[in-house]
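Residue strings, one per chain:
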Amino acid sequence: MAVADLKKRMGLVMGLRALVMLLAGLYAVIFPAEALVALVWVGAALLLIDGVLGLWTLTFGGAKTGNYWFDVVRNVLAIITGFLVLISPVLGALVTVWFIVYLVAFQAILVGVMEIVIAIRERALYAKIWPILLSGALYVLFGIALLFSPMTGAIFFVIFGGVLAILFSVALFTLAWRMWSNKPAA
């Protein structure tokens, strides 16, 4: 009886987690710009907390890594960055978003060019080369599109993440229902 009761409770907790994930996913899909700013705020708060806890650990926690000054500088920079983003969230969001989107753009271009070069160089190994060339070209075009419109790319990533959160929440709801109703997994 205790195991069944525990499964019901865990199913309820998982159902609540799925509900939070569903609401976050819907928010990201319906209000992507606001969700993006919220994500940047959360990231800034995490930087601030990480820096403060890191300095506290170095000072009072007895953490000895052998890289004392590196750890001090890293934690101070985390505090400064988190603080600056929190006092200027729009500027922080723009800088953060542009950096991440440009990083993804350059990676997409690099991967696309690498796919094209390798496919051409080793074309004898492939039955059909055009799917690989098309894939590489699409990567390159995607990267170039991100370079020319980073904020649109960022909004796309937030919406895509929201859709993934919605899909994952459906899977969690299903698992939560099975746990709550004590049905065995398929």
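Anything mentioned here points back to the structure above.
My aim in this report is to walk through the structure given alongside it, one point at a time. Keep in mind that this is a model prediction, so the values were computed, not measured. (Residues numbered from 1 in each chain as written. Predicted model: local features only at pLDDT ≥ 70, side-chain atom pairs only at ≥ 80, totals over all residues. Heavy atoms only, no water.)

### Brief notes about the layout of surface pockets
Item 1. In this structure, the largest pocket spans a volume of roughly 190 Å³.
Item 2. Put simply, the parts of the chain that give the lining of the largest pocket at least two residues each are α2 (32-60), α4 (89-121) and α6 (150-180).
Item 3. Sorting elements by how many residues they give to the lining of the largest pocket places α4 first, with five residues.
Item 4. The residue makeup of the lining of the largest pocket, split by class, is ten nonpolar, two polar and no charged.
Item 5. Put simply, the second largest pocket is a space of about 150 Å³.
Item 6. Around the second largest pocket, the lining residues are Ala24, Gly25, Tyr27, Ala28, Ala35, Ala38, Leu39, Val42, Val158, Gly161, Gly162 and Ala165.
Item 7. Only α1 (2-30), α2 and α6 provide two or more residues apiece to the lining of the second largest pocket.
Item 8. Grouping the constituent residues of the lining of the second largest pocket by class yields nine nonpolar, three polar and no charged. (1 Å grid on protein atoms, 1.4 Å probe; cavity = no way out; pocket = protein on both sides within 12 Å on 5 of 7 lines; lining within 4 Å. Points joined across faces, edges and corners; volume = space filled by probe spheres on them. Helix = DSSP H or I, 4+ residues; strand = E, 2+ residues; numbered from the N terminus. Nonpolar A, V, L, I, M, F, W, Y, C, P; charged D, E, K, R; others polar.)

### Here's the deal with the packing of α1 against α2
Item 1. Taken N-terminus to C-terminus, the directions of α1 and α2 make an angle of 120°; their axes are 5 Å apart at the nearest point. Relative to α2, α1 is oriented oblique. Counting all contacts with α1, which are made through Tyr27, Ala28, Val29 and Ile30, the residues of α2 involved are Pro32, Glu34 and Ala35.
Item 2. For the contact of α1 with α2, the per-class residue count stands at six nonpolar, no polar and one charged. (Axes fitted to C-alpha atoms, helices over the stretch in contact; angles between N-to-C directions. Parallel < 35°, antiparallel > 145°, perpendicular 65-115°, else oblique. Contact = heavy atoms within 4.5 Å.)

### A word on the nonpolar core
Item 1. Formed by Ala28, Ala35, Leu36, Val97, Val101, Ala105, Leu146, Ala154 and Val158, the largest nonpolar core amounts to nine residues.
Item 2. Contributing elements (two or more residues each) for this core: α2, α4 and α6.
Item 3. Leave out the neighbours within four places in its chain, and Ala105 touches Gly143, Leu146 and Leu147.
Item 4. The next biggest cluster of nonpolar side chains, apart from the first, holds five residues, and it includes Met14, Ala18, Leu172 and Ala176. (Core = buried A, V, L, I, M, F, W, Y, C linked by side-chain atoms within 4.5 Å. Buried < 20%, exposed > 50% of the residue type's maximum accessible area, 1.4 Å probe, protein only.)

### Observations concerning the packing of α4 against α6
Item 1. Axis separation between α4 and α6 bottoms out at 9 Å; the angle between their running directions is 85°. With respect to their mutual orientation, α4 and α6 come out roughly perpendicular. Note on element contacts: α6 touches α4 through Pro150, Met151, Gly153, Ala154 and Phe157, opposite Leu94, Val97, Trp98, Val101, Tyr102 and Val104.
Item 2. Residues belonging to the contact of α4 with α6 are distributed by class as follows: ten nonpolar, one polar and no charged.

### A short note on the pattern of salt bridges
Item 1. Tallying each qualifying case throughout the model produces two salt bridges.
Item 2. The partner of Arg9 in a salt bridge is Asp5, and the shortest N-O contact between them spans 3.1 Å. One end of the pair is Arg9 and the other is Asp5, both in helix α1 and four residues apart, which spans about a single turn.
Item 3. A relative accessible area of 36% means that Asp5 is categorised as partly exposed.
Item 4. The shortest N-O distance in the salt bridge between Arg74 and Asp50 comes to 3.1 Å. Taken as a pair, Arg74 in helix α3 (residues 68-87) and Asp50 in helix α2 lie far apart in primary sequence, 24 residues in all.
Item 5. Judged by its relative accessible area of 37%, Arg74 falls in the partly exposed class.
Item 6. Given the relative accessible area of 34%, Asp50 is considered partly exposed. (Salt bridge = Lys/Arg side-chain N within 4 Å of Asp/Glu carboxyl O.)

### Focus on α4
Three or four residues apart is the spacing at which side chains of an α-helix point the same way, because the helix has 3.6 residues per turn.
Item 1. With 33 residues, α4 should reach 48 Å at 1.5 Å per residue; the first-to-last C-alpha distance of 47 Å fits that figure.
Item 2. Listed in full, the buried residues belonging to α4 are Pro89, Gly92, Ala93, Val97, Val101, Ala105, Ala108, Gly112 and Ala119.
Item 3. On the buried face of α4, the contacting elements are α2, α3, α5 (130-148) and α6. (Expected span 1.5 Å × (residues − 1).)

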